[in-house]
Amino acid sequence: MAMHKYRLLTLVTVCTIFAIPNIFAQKVNKFPQKTDPLYKKVEMFDKLMLGNHWNEGAIMQHVIFPPAGLEQPIVGSQADCLDPTSEMLAAYSHKYAITKDPKDRKIANEIFEAILKLEKVTGVEGLVARSFNKTNEPLWHEEVMWYHEWHQSTSMPGYRWLGDLSADKFTSIFYGVGTFWELCADAEYKEKAASLLDRFIGRVVDSNFKLTDLDGKMTLWGNFCPDLPHQELNSLEMLAALKVTHHITGKERYNAAYQMLIDRYHYDDHQINSKILFPKEWRNVGDDYHAARSLYMIMRLETDPSLLNKYRMNLNRHWYDWKDIEFTWESNIWFLMVYKVLTGEDIFTEEKKQGIKDMWGFERNTKEFKIPQKDGSFKMVRSEEERTAAAMIRNYWFGRFYGIIDEKW
């Protein structure tokens, strides 16, 4: 009778496990409390990101767990994966600059290697993918989620990659790789980082300052071209990219391109109006983020007083909005940190410091997903999902590096 009860209990346990297929899908399941100290929240969200969002070094912005996802939870919207990848690369670069821990450098190296893989998977030197997945068959999210420019890799058999790179991902690359080169890379990786930027930015320059795709045509949001009307923000991003690439590679062609865009096409004047202030409805926090990263990189490298003054005019336009900004998005807090680093002004009130201490990553949600079937129908599947905490983690180590955040917080 006792043996019968044991067998029954075992059967019930096994059935329960298989009835809830996502019970062991997530590698990391421990979340912090919102009342925890900041350093503890960052540590726990970091484990969640590296455990659940790691895709061969690339950081997934969005993962959907089984049954809608896979055993390796890489299914999800992936158009913006270069953003969290660059944020985690910057985070670990700043962290290594503080700790000098070889483990931190190793993680940064692996994230950088993933960016190299984003180039390799396309099969074209200097062409970088938005994301990649190790799969021979299209995954269901390719059809129904934002962005459909998926390709089967010819250079890495068994992989698929997402194309049509845009100006914001362009910014992610020179920001993340530039920060890695500056703070974390050893001699070998400095050379790798310089070579990557040389190939990537060089390809854009060779294409008359356009991001071009696999077919050689300009991508949807890849226009930095002086011969085409383009956004003021794109002028800033291109100048920043050229300044960073010249600094890292030492190649005169990038300085010459930088000066040409200023002398002949007045990109220095054009970039001042990157920030749209009025009407208020046109203000775009996403554009602010790309401007903040560009200004952070270029203003620390530029030495010409006249150009620095024009970049400061751009920063001041952003500050007009940022000084009253609500911390509804984690990168909003970083805008203020960047402003302080670039100006030296003491702008962190107790209220703003509390906003930093209250930083949060994400909640794990449960949603229904509409999954296409081979016969043309759709199946509704309920699964858990996670968004990204990479910006929060970057904010923390950036703030620690610049003395804005106390390690005891």
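One can find the structure itself at the top, above this paragraph.
Residues numbered from 1 in each chain as written. Predicted model: local features only at pLDDT ≥ 70, side-chain atom pairs only at ≥ 80, totals over all residues. Heavy atoms only, no water.

A. Structural view of the pairing of strand β10 (residues 378-386). Two elements, strand β3 (residues 63-64) and β10, share two bridges in a ladder whose sense is antiparallel. Paired with Ile64 across the bridge in β10 is Glu385. Following strand β9 (residues 365-372), the chain reverses through five residues before pairing antiparallel with β10; Gly376 in that reversal takes a positive phi of roughly 95°. (Pairing = 2+ DSSP bridges. Helix = DSSP H or I, 4+ residues; strand = E, 2+ residues; numbered from the N terminus.)

B. Region of the structure containing helix α2 (residues 38-52). Here α2 spans 21 Å end to end across 15 residues, near enough to the 21 Å set by a 1.5 Å rise per residue. When we look at burial in α2, the residues that qualify are Leu38, Lys41, Val42, Met44, Phe45, Asp46, Leu48, Met49, Gly51 and Asn52. (Expected span 1.5 Å × (residues − 1). Buried < 20%, exposed > 50% of the residue type's maximum accessible area, 1.4 Å probe, protein only.)

C. View of the sheet that holds strand β4 (residues 131-134). Taken in spatial order, the three strands line up as β4-β6-β5 in an open sheet, and their pairing is antiparallel. Every other strand in the sheet has two partners, leaving β4 and β5 (150-152) as the edge strands with one partner each. Pairs of neighbouring strands in the sheet enclose a mean axial angle of 25°, with direction left out of account. Of the pairings in the sheet, the one linking β4 to strand β6 (residues 159-162) comprises four bridges and is antiparallel in character. Within β6, the residue paired with Ser131 across the bridge is Leu162. (Axes fitted to C-alpha atoms, helices over the stretch in contact; angles between N-to-C directions.)

D. Here's a closer look at unusual backbone geometry. The peptide bond linking Pro66 to Pro67 adopts the cis configuration, its omega dihedral lying at 10°. Following the sequence through the fold, Pro67 ends up in the loop between β3 and α3 (82-99). That bond from Phe278 to Pro279 is cis: its omega, -5°, falls within 30 degrees of zero. Considering the arrangement of structural elements, one finds Pro279 in the loop between α10 (267-270) and α11 (285-299). One non-glycine residue, Phe209, lies in positive phi territory at about 60°. Within the secondary structure layout, Phe209 lies in the loop between α7 (187-206) and β7 (210-212). A relative accessible area of 4% means that Phe209 is categorised as buried.

E. The nonpolar core, seen in detail. Counting 110 residues, the largest nonpolar core has Phe170, Leu242, Tyr311 and Ile356 as the members making the most contacts within it. Once you skip the residues sitting within four places of it in the chain, Leu242 turns out to touch Ile201, Val205, Phe209, Tyr254, Ala257, Tyr258 and Leu261. Ile64, Trp140, Met145 and Phe369 belong to the second-largest nonpolar core, a separate cluster that totals nine residues. (Core = buried A, V, L, I, M, F, W, Y, C linked by side-chain atoms within 4.5 Å. Contact = heavy atoms within 4.5 Å.)

F. Quick look at the packing of helix α4 (residues 102-120) against α7. Two elements in contact, α4 and α7, have axes whose closest approach is 11 Å; the angle formed by their N-to-C orientations is 30°. In terms of their interaxial angle, α4 and α7 are classed as roughly parallel. The handedness of the crossing between α4 and α7 comes out as left-handed. Of the residues in α7, those in contact with Asn109, Phe112, Glu113, Ile115, Leu116 and Glu119 of α4 are Tyr189, Lys192, Ala193, Leu196 and Arg199. Tallied by class, residues from the contact of α4 with α7 come to six nonpolar, one polar and four charged. (Parallel < 35°, antiparallel > 145°, perpendicular 65-115°, else oblique. Left-handed = near helix turned anticlockwise from the far one by under 90°. Nonpolar A, V, L, I, M, F, W, Y, C, P; charged D, E, K, R; others polar.)

G. Structural context of the pattern of salt bridges. By the definition in use, this model includes 29 salt bridges. Of the charged contacts in the structure, one is a salt bridge between Lys117 and Glu56, with a shortest N-O distance of 2.6 Å. Residue Lys117 is found in helix α4, and its partner Glu56 is found in the loop between β1 (54-55) and β2 (58-59); the two are separated by 61 residues along the sequence. Taking relative accessible area as the criterion, Lys117 reaches 22% and is therefore assigned partly exposed. The salt bridge involving Lys323 is made with Asp324; its shortest N-O contact spans 2.9 Å. One network of salt bridges, in which partners are shared, links Asp80, Asp83, Asp168, Lys169 and Arg293. (Salt bridge = Lys/Arg side-chain N within 4 Å of Asp/Glu carboxyl O.)

Any functional reading would require information that these geometric values do not contain.
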